[in-house]
Each structure stands twice: as C-alpha cells, then as structure tokens.
Amino acid sequence: MAGDRTPKIVGTVWGLLVLNTLGSAGAKTIVPLPRSLIQMVTMGALVAAFTLALTVNLKLRIRASAYVSLLTLLLVTSVISSANLESGFGALFRCARLALFVGTLWLLSRWWDGSTTFVRHHIRMYFAVLGLVAAGLVISPGAALPDLYGGRLVGALWPLTPPQIGQYAAVIIGLTVLLLLGRRTDGKGAAVVIVPSLVLLALTHTRTATLGLVIGLTLAIGSLILTSAAARRFFTWAVVCATVAAVGFASVLQAWFLRGQSKENFSSLTGRAKVWDALLAEPRSTGETLFGMGLGDKSFGGLPIDNSWLAVYQEQGLIGVSLVAAVIIILGGIALLRPPSLERACAIFLISYCALASYTEAGLGDASPYLLHLALAASLLAAPASPEAPSLTTPEAPRRRVPRWARRTEVI
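Everything numeric in this text was worked out from a predicted model, so none of it was measured. (Residues numbered from 1 in each chain as written. Predicted model: local features only at pLDDT ≥ 70, side-chain atom pairs only at ≥ 80, totals over all residues. Heavy atoms only, no water.)

## Concerning the overall build of the protein chain
Note the cut-off: Going along the chain from the N terminus, every DSSP run of H or I of four or more residues is numbered as a helix, and every run of E of two or more is numbered as a strand. We call a residue buried when its accessible area falls under 20% of the maximum for its residue type, exposed when it is over 50%, and partly exposed in between, using a 1.4 Å probe and counting protein chains only. By the convention used here, residues are in contact when the closest approach between their heavy atoms is within 4.5 Å. To measure how exposed things are, a 1.4 Å probe is used in the Shrake-Rupley method; for residues, cover is taken only from the protein chains shown.
Each helix and strand counted, the protein chain has 18 helices and 2 strands in total. Within the span of the protein chain, comprising 412 residues, buried residues form 45% of the whole. If you take every contact in the protein chain between residues at least 6 apart in sequence, the share linking residues at least 24 apart comes to 77%. For the protein chain, the accessible area works out to roughly 20,500 Å², and carbon and sulfur atoms hold 67% of it.

## Focus on the packing of helix 1 (residues 8–20) against helix 17 (residues 369–381)
The relative placement of two packed helices is expressed as an angle between their axes plus a distance between the axes. Rule in force here: Axes, fitted as lines to C-alpha atoms, cover a helix only where it is in contact. Angles between the N-to-C directions of the axes lie from 0 to 180 degrees. When an angle is under 35 degrees it counts as roughly parallel; over 145 it counts as roughly antiparallel; between 65 and 115 it counts as roughly perpendicular; any other value is oblique. All amino acids are sorted into three groups, where Ala, Val, Leu, Ile, Met, Phe, Trp, Tyr, Cys and Pro are nonpolar, Asp, Glu, Lys and Arg are charged, and the leftover types, Gly among them, are polar.
Orientation of helix 1 relative to helix 17, taken along the N-to-C sense of each, is 150 degrees, at an axis distance of 9 Å. By the angle between their directions, the pair helix 1 and helix 17 is classed as roughly antiparallel. Contacts from Trp14, Leu17 and Val18 in helix 1 reach Leu372, Ala375 and Leu376 in helix 17. Across the contact of helix 1 with helix 17, the residue classes tally to 6 nonpolar, no polar and no charged.

## A few points about the confidence of the model for the protein chain
For the record, the criterion: Per residue, pLDDT captures the predictor's confidence, and it can take any value from 0 to 100.
Chain-level statistics for the protein chain give a pLDDT mean of 87 and a share of 88% at 70 or above. Predicted confidence for residues 388–398 stays below pLDDT 50, and this span has 3 contacts to residues more than four positions away or in other chains. This stretch, residues 405–412, has a pLDDT under 50; its non-local contacts, to residues over four places away or in other chains, come to 1 contact.

## Focus on the pattern of salt bridges
We apply this condition: One side-chain nitrogen of Lys or Arg within 4 Å of one carboxyl oxygen of Asp or Glu is enough to make a salt bridge.
Counted by the stated rule, this structure contains 4 salt bridges. Between arginine 184 and glutamate 343 there is a salt bridge, and its shortest N-O distance comes to 3.2 Å. One end of the pair, arginine 184, is in the loop between helix 7 (162–181) and helix 8 (187–204); the other, glutamate 343, is in helix 16 (residues 342–357), with 159 residues separating them in the sequence. Among the residues examined, arginine 184 registers a relative accessible area of 34% and is labelled partly exposed.

## Observations regarding the environment of glycine 174
With respect to the helices, strands and loops of the structure, glycine 174 is situated in helix 7. Ignoring anything within four residues of it in the chain, the contact list for glycine 174 reads Leu213, Leu217 and Phe349.

## Notes on helix 7
Quick note on the threshold: Expected helix span is taken as 1.5 Å per residue step, with the number of steps being one fewer than the number of residues.
Its 20 residues give helix 7 an end-to-end C-alpha distance of 29 Å, which sits within 8% of 28 Å, the value for a rise of 1.5 Å per residue. In terms of burial, helix 7 is largely enclosed, as 18 of its 20 residues are buried. Among the residues trailing helix 7, arginine 183 stands out with phi positive, at a value near 60 degrees.

## Examining the packing of aromatic side chains
The criterion, for reference: Centres within 6.5 Å are what make two rings of Phe, Tyr or Trp a pair, Trp counting through its six-membered ring; a difference in plane orientation under 30 degrees is then read as stacked, over 60 as edge-to-face, and the rest as tilted.
Across all of its chains, the model carries 4 aromatic pairs by this definition. Ring centres of tryptophan 276 and tyrosine 359 lie 5.3 Å apart, and the angle between their planes is 65 degrees; on these two criteria the pair is classed as edge-to-face. In this pair, tryptophan 276 is assigned in helix 13 (residues 272–281) and tyrosine 359 in the loop between helix 16 and helix 17, connecting sequence segments 83 residues apart. On the basis of relative accessible area, tryptophan 276 is assigned to the buried category, the value being 7%.

## A few points about the packing of helix 13 against helix 15 (residues 308–337)
Selection criterion: We call a crossing left-handed when the near helix sits turned anticlockwise from the far one by less than a right angle, and right-handed when that turn is clockwise.
With their axes 11 Å apart at the nearest point, helix 13 and helix 15 run at an angle of 30 degrees to one another. Between helix 13 and helix 15, the angle is such that the two are roughly parallel. Crossing of helix 13 over helix 15 shows left-handed handedness. Residue-level contacts link Trp276, Leu279 and Leu280 of helix 13 to Leu310, Tyr313 and Gln314 of helix 15. Classifying every residue of the contact of helix 13 with helix 15 by side-chain character gives 5 nonpolar, 1 polar and no charged.

## What to know about the environment of threonine 227
With respect to the secondary-structure elements, threonine 227 resides in the loop between helix 9 (207–222) and helix 10 (229–248). Separated by 113 residues in sequence, threonine 227 and proline 340 have C-alpha atoms that sit 7.1 Å apart. Setting aside chain neighbours within four positions, we find threonine 227 in contact with Arg232 and Pro340.

## Focus on the nonpolar core
Quick reminder of the rule: Here the nonpolar core consists of buried residues drawn from Ala, Val, Leu, Ile, Met, Phe, Trp, Tyr and Cys, with membership extended through side-chain atoms lying within 4.5 Å.
Counting residues in each nonpolar core, the largest one holds 99 residues, and the members touching the most others are Trp14, Tyr67 and Leu105. Other than its neighbours up to four places away in sequence, leucine 105 contacts Trp14, Leu17, Tyr67, Val68, Leu71, Trp112, Leu372 and Ala375.

## Here's the deal with a nonpolar patch on the surface
Which entries qualify depends on this criterion: Like charges are joined within 9 Å and nonpolar side chains (Val, Leu, Ile, Met, Phe, Trp, Tyr) within 5 Å, but only among residues with over 30% relative accessible area and no salt bridge; these make up the patches.
Together, Ile30, Val31, Val138 and Ile139 make up a nonpolar patch on the protein surface, roughly 400 Å² of accessible area in all. The partly exposed category is assigned to isoleucine 30, whose relative accessible area is 34%.

## Details of the environment of phenylalanine 291
One can find phenylalanine 291 in helix 14 (residues 286–291). The exposure class assigned to phenylalanine 291 is partly exposed, which follows from its relative accessible area of 26%. Taking the C-alpha atoms as reference points, phenylalanine 291 and leucine 318, separated by 27 residues in sequence, lie 6.5 Å from one another.

This is the structure:
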C-alpha cells in the first residue's frame, strides 16, 4: 500500500462525492429542473463514485481511520433508528446513501497519506461549482439574486442556496490561502481562485461562512506562525487591514452583516431559536432519546433545524450526538498533537470551520459537504505510509570482471 501513487481516477471519485453532496433542494433555476432528475444525478454520482473506487481498489486495501470508523458506527445507529420507519421509507434510502458514502471513503483511505493531494481535488471541484454559480449570475442576474432570498446570491443553473455557496467559497478561499503561504501554489494561481470566490461570498451575505473563514484561517495561520515567516507576514497584514476596515467601513460592514434584519430577528438567529426550543420540548421515549427518529430531511414541524447537533439529536439521538462529538474531538486532538506543517494547518482550518458552522447549519450526521470537509482533514492528518518492507531474499553479489590473463592461468 505504501508508496502507491494516487491514480488520477481517485480525483474523479472525489469530484463525484462533491456532486452527490450538492443536494437536490434550493432556489428556482433559470431552466426548471425536476427534483427527481436532480436526485437521480446526485445519487447516480454516488453510485458511480463507489463503483470507480471499488474498481481502482479491487484488493480492498484500506487504511485504519478513526474518522471513518466513527462514521461507520454512526451509520449503524442511523439504521437502528430508521428501522422502525417513523420517518418513512425515505429514512432507509438515506441510510443506503450514507452507506455508499462511507464505503467510498473506506476505499479511498488507501491513498490518505498526509499530503495535499486531496486538497487540490477539493479546491478544483468546488471552484467548478462556483464557476457554475457565476455563469448563472452572468446569464440571469435576476434569477441569481432573487427577492425571495433578499437579493442574496443563489444558484441559477443548479439549485444552490446562499449558505451552500458561501460555504463552498469560504472553504476554498481558506485552503488556497494556506497553499499560498506554504508555497504550494503561486500568487497568480491563488488569485484566480481567491478573488472571484470572495466576490461570490460577499454576494451571498452568509455570516456563518464569513465567520468560519476568518476564525478558521486565524487558527490555521496561528499554528504556522512559529515556523513560517510568510504566515507571520500575512497575519500582520491581515490584522492591519482588518483594523482599517473596522474603523473606516464600520457602517457598511454592519449593514452587510445584519442584512436588513431587525434586532429581534437577528437575536433569534433568523427564527432558528424558535424551532430549536420546540424540538427540545418535544416529548420522546427512551429509545427515541437514545437513537432518534431516523434519518430525515433535517427539519422539525416543517421548518429547517439548521443546527447539526440538534438535527443529529432528532434523527440519531444522543448516541449519534456522542459519535459526532467524538469525530470533532478526535480530529482536533490529533491536529494539535501533530508538529507544525501546512497539512496540519489545512486540517485545523477545516475542523474549526465545520465546528463553527455546526451551530447554524445541519449536515454532520448525514452524507454532506461537512462530512467531506472532515474526510479531507482526516486525510491530511493521516500518517505518511511507510515504505514497503525490503525483500528477505539476499541479493546476488555483483560479479567481478576477471582479467583475461587470469582466466588463462591454470591452477597447479
């Protein structure tokens, strides 16, 4: 296993996983796309990803991974909670989807060697998604900035919500900045990704993604300050620019952050708190408390839960919450124990971003971009594969050239 070169098809598999986690619900597109068609494309992408991963790893060679092991336990919990069909047959369908997702990660774990190979796959695929969003904005600005979402950017060609677009933009901006600081890419290549992604992030008015980007990058760059002069310079300039922006553009930043909401609406997190209170007040049996109601659409009373911890509690119970917490704690603990490096910094950024976003976004309990971000972090924290053991057969000593005069000499 060690020393295996990552096949190009692995990048295709990763891209198909990204496509699967784009979801099937969102804004209205320029050309109406039936939800059944979108689900067929996303599920087809997952089946294709699993099939390709199995094809390229026919010997089923995998690496030990605490992250994927915990996801496997979460899958078992999901099956137990969904078996009673309280959430309908759709729960079993979602369990099958999660099983394929986890199975594909197991097959890909063979190439998790602590390098930035999968980081580049991650950036390329999500940048392609943002390119599709930008194309929709150019083709139909009205459809891409609808009044229904308060003029926030949505996907006009593929149904994507502002939080989704903001998440994708923030993640690839953070990873690209870190690659630039680690001298794994040049300034022009980084600018091609960072500048348009920043514009799209600003148009989404997504507070969670923006805060996740700032806090995640702060922690990641902070882990490099003692060993990287580039990280120290970037951190210094970032603090200066942030101070100037806070003083000179305070009113503009406040207006962007509030998005025209009242203080009451803002304090209730755009109505999320009311859904959370109702969910926690719902009476439950012991089994429902431990295992949840089964995988669903991350909603309660017809309204989105928008909190990963409460969504997991609703669908997978306290056991599911414990497993998700173990994922964050274990990955974070491993990252803190690793020596300073670019790979460690990227992992810290991804873990901190997902942990922060879990408060206002759901997704840590089911196949989602957040689980894919954490899978990328797990691949970055994997120990480099050890070289193949040398052969036990003693190599034949090289034959020495015997001079012609010596060959003709007879032994008496």
